[in-house]
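# Structure at a glance
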Amino acid sequence: MKRRNFLRAAVVGAGVTAFGNRLSGAALAAPAQNGPSPYGALQAADANGIRLPAGFTSRVIARSGQKVASTGYTWHSAPDGGAVFADGSGWIYVSNSEITPGGGASAVKFDASGTITGAHRVLANTRQNCAGGKTPWNTWLSCEEIDLGFVYECQPNGPASAAVQRPAMGKFKHEAAAADPVRKAVYLTEDTTDGCFYRFVPTTWGDLSAGTLQVLKAGTATSGSFTWANVPDPDGSPTPTRNQVSGAKRFTGGEGLHYANDTAWFTTKGDNRVWQLNLANSTYELAYDDSLVSPGSAPLTGVDNLTGTSSGDLYVAEDGGNMEICVITPNDIVAPFLRISGQSSSEICGPAFTPAGNRLYFSSQRGTSGSSSGGITYEVTGPFRS
C-alpha cells in the first residue's frame, strides 16, 4: 500500500482543479485507520440537528417541495450528487434529483457573501439522477442510475433545455463521473453488485459527443496493476457493457468518484471500501476498508459520495451508517467530520466545496421524514484546512 503523500504547491497541469489530494512518493502504509480528527471532537447537535467540530456552523439552504429562500423556485425531491461552480464573484451549487419519473437537477446561486440570489432547473424529465461530476469546462455531468441509463451534460446556469444527452459515454447503471485533464478522459463508476470502472476518451477533449468507452481490466486482488480495454458496444444492449470484455475487474456497487493529480478515488458500498487508482503508473490499491480498521470499530460505513480539498483531505459521505461525513487525511487517519442527528432513514449526498474552500454543501436525501419528499440541503462554514 502506498501512503498518500500530498503537495500543497500550485496545481500542475492545465485545467486541474485547485482542490484534491496530491499524490507523490511511495512510502508503504496500511489503508486508513482510526485516529483523532484534525478538527477535534464533534460538539452537541446544533439547531439543524448537525454535530460539528468547534468553530463550524450550519444552515439549511433548501428543502424538497419548498421555495428556495425568496427565489420562488421549488427545490427538488431526493437531492443527491452535487458540485460547486464559480459564478463571477459568487458560486452555484448544482444538485441531482434521484427520483423516477422526473429526476433531473437543480441549482442554487450565491453572491460573494453567500447570500442566495437565485435557483433554477438545469435538467428535467430524466430518471433516477444519482451522482455525476464536474468537467474542466464547467459543465455538470448528471448520471442516471438505472439499467441502460445515460449521462447528461448540463449548464450550471441553465436552462434545462440546454442539457444534452451523451450516449457515447455508454448506457449502463451510471453513478459518478470525474474528469482527468492530463489523460483527457472521464472516469465513470457503475452501481451494480458486479459493476465495472470505466473511462470515456473523447475524440476531442471538451466535446463529449463522440469518443471511446473503455473498461478497467485487472486481477481479483485488492492491489496490483491495471489496463484499459475498449467496450465493443457502449449501447449495452443486448449485452451489458460490464459483460462485454473478458477480464474486466468487478466492483461491488461503485459509488462516489474524485480525481486530482494523477489519482482517482472511488467508493464501493457493497464492501465499504475506498479505492485509489494511480493513473500515472496504472496501479490500484485500497485507501480504506472498514474490515481492516483497528483499533476499535470502523468510523466510516455505507460509503457513498466523496470529494477532496487542497489540504489533501478526502471527505466521504455515508449512506446509512451514523449519517456522517468522515474525513480521510493525507496521513491515512479516518475520523468523523460531522454527524446528522435524528435522520437515520436518510443518506448524505452531494458533498462539494466552494472555490475558496471555506463552505461545504451537502444534502440529507430523505431528511427527518425518511421520504424523498423530505430532502434537506445544507451548508457548513468554518475553518477548513487549506
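Conventions and cut-offs
Residues numbered from 1 in each chain as written. Predicted model: local features only at pLDDT ≥ 70, side-chain atom pairs only at ≥ 80, totals over all residues. Heavy atoms only, no water. Helix = DSSP H or I, 4+ residues; strand = E, 2+ residues; numbered from the N terminus. Rg over C-alpha atoms; globule rule 2.2 N^0.38 Å. Buried < 20%, exposed > 50% of the residue type's maximum accessible area, 1.4 Å probe, protein only. Contact = heavy atoms within 4.5 Å. Pairing = 2+ DSSP bridges. Phe/Tyr/Trp six-rings, centres within 6.5 Å; stacked < 30°, edge-to-face > 60°. Axes fitted to C-alpha atoms, helices over the stretch in contact; angles between N-to-C directions. Polar contact = N/O pair within 3.5 Å; in protein donor to acceptor, adjacent residues only side chain to side chain. Salt bridge = Lys/Arg side-chain N within 4 Å of Asp/Glu carboxyl O.

What follows deals with the overall build of the protein chain. Within the protein chain, the regular secondary structure consists of 0 helices and 28 strands. Relative to the globule expectation of 21 Å for 386 residues, the C-alpha radius of gyration of the protein chain, 19 Å, shows essentially globular dimensions. In the protein chain, buried positions account for 58% of the 386 residues. Sequence-distant contacts in the protein chain: of pairs separated by 6 or more residues, those separated by 24 or more amount to 52%.

Let's shift gears to the pairing of strand 23 (residues 314–318). The buried count for strand 23 comes to 5 of 5 residues, which makes it a mostly enclosed element. Of the two faces of strand 23, both are covered, the one formed by L314, V316 and E318 as well as the one formed by Y315 and A317. By the bridge criterion, 4 bridges tie strand 22 (residues 303–308) to strand 23 in an arrangement that is antiparallel. Counterpart to G308 in the pairing with strand 23 is L314. Between strand 22 and strand 23, which pair antiparallel one after the other, the connecting turn spans 5 residues, and G312 there sits at a positive phi close to 95°. Hairpin geometry of strand 23 and strand 24 (residues 324–328) is characterised by an intervening segment of 5 residues between the two adjacent antiparallel strands and by a positive phi of about 95° at G320.

On to the packing of aromatic side chains, then. Counted according to the given criterion, the structure contains 27 aromatic pairs. Taking 5.3 Å as the distance between ring centres and 70° as the angle between the ring planes, the aromatic pair formed by Y39 and F337 counts as edge-to-face. Separated by 298 residues along the polypeptide, Y39 in the loop between strand 1 (33–34) and strand 2 (50–51) and F337 in strand 25 (residues 333–340) bring together distant segments of the chain. The class for F337 is buried, based on a relative accessible area of 0%. Ring pairs connect the aromatic residues Y187, F197, F226, W228, F251, Y259, F266, W275 and Y284, which therefore count as one cluster.

Turning next to the sheet that holds strand 27 (residues 359–364). One open sheet holds the 4 strands; their spatial order is 3-28-27-26, and the pairing between them is antiparallel. This sheet does not close on itself; its edge strands, each paired only once, are strand 3 (57–63) and strand 26 (348–353). Geometrically, the sheet is characterised by an average inter-axis angle of 20° between neighbouring strands, direction not taken into account. Taken together, the 4 bridges between strand 26 and strand 27 define a ladder with antiparallel strand orientation. Directly across from C349, in strand 27, lies its bridge partner S363.

Spatial strand order, 4-5-6-7: 4 strands in an open sheet with antiparallel pairing. Of all strands in the sheet, those bounded by a partner on one side alone are strand 4 (79–87) and strand 7 (116–123). The mean inter-strand angle of the sheet, taken between neighbouring strand axes irrespective of direction, is 20°.

A few words now on the side chain of T192. Note on placement: T192 falls in the loop between strand 13 (185–190) and strand 14 (197–204). Among all residues touching T192, those that are not within four sequence positions of it are K173, R242, F251, T252, G253 and G254.

Looking now at the side chain of H76. Mapping H76 onto the fold places it in the loop between strand 3 and strand 4. By relative accessible area, which is 4% here, H76 ends up buried. Polar contacts involving the side chain of H76 include one to the main-chain carbonyl oxygen of N96, which spans 2.9 Å. At a separation of 3.0 Å, a polar atom in the side chain of H76 contacts the side chain of S106. Those residues within four positions of H76 in sequence are excluded, and the remaining contacts are S64, S95, N96, S97, S106 and R121.

Now for the pairing of strand 5 (residues 90–97). The buried fraction of strand 5 amounts to 8 of the 8 residues, a majority that puts the element mostly inside the structure. Both faces of strand 5 are covered, namely the face carrying G90, I92, V94 and N96 and the face carrying W91, Y93, S95 and S97. Two strands pair when backbone bridges link them, and strand 4 and strand 5 are joined in this way by 7 bridges, in the antiparallel orientation. The residue of strand 5 that forms the bridge with V84 is Y93. The hairpin formed by strand 4 and strand 5 contains 2 residues between the paired strands, and G88 there has a positive phi angle of roughly 65°.

Now for the pattern of salt bridges. Under the counting rule described, the total for this entry stands at 16 salt bridges. The shortest N-O distance in the salt bridge between E379 and R359 comes to 3.3 Å. Linking E379 in strand 28 (residues 376–381) with R359 in strand 27, this pair joins segments that are 20 residues apart in sequence. In the salt-bridge network here, residues are joined through shared partners; they are R59, R359 and E379.

Geometric descriptors of this kind do not, in isolation, establish any biological role.
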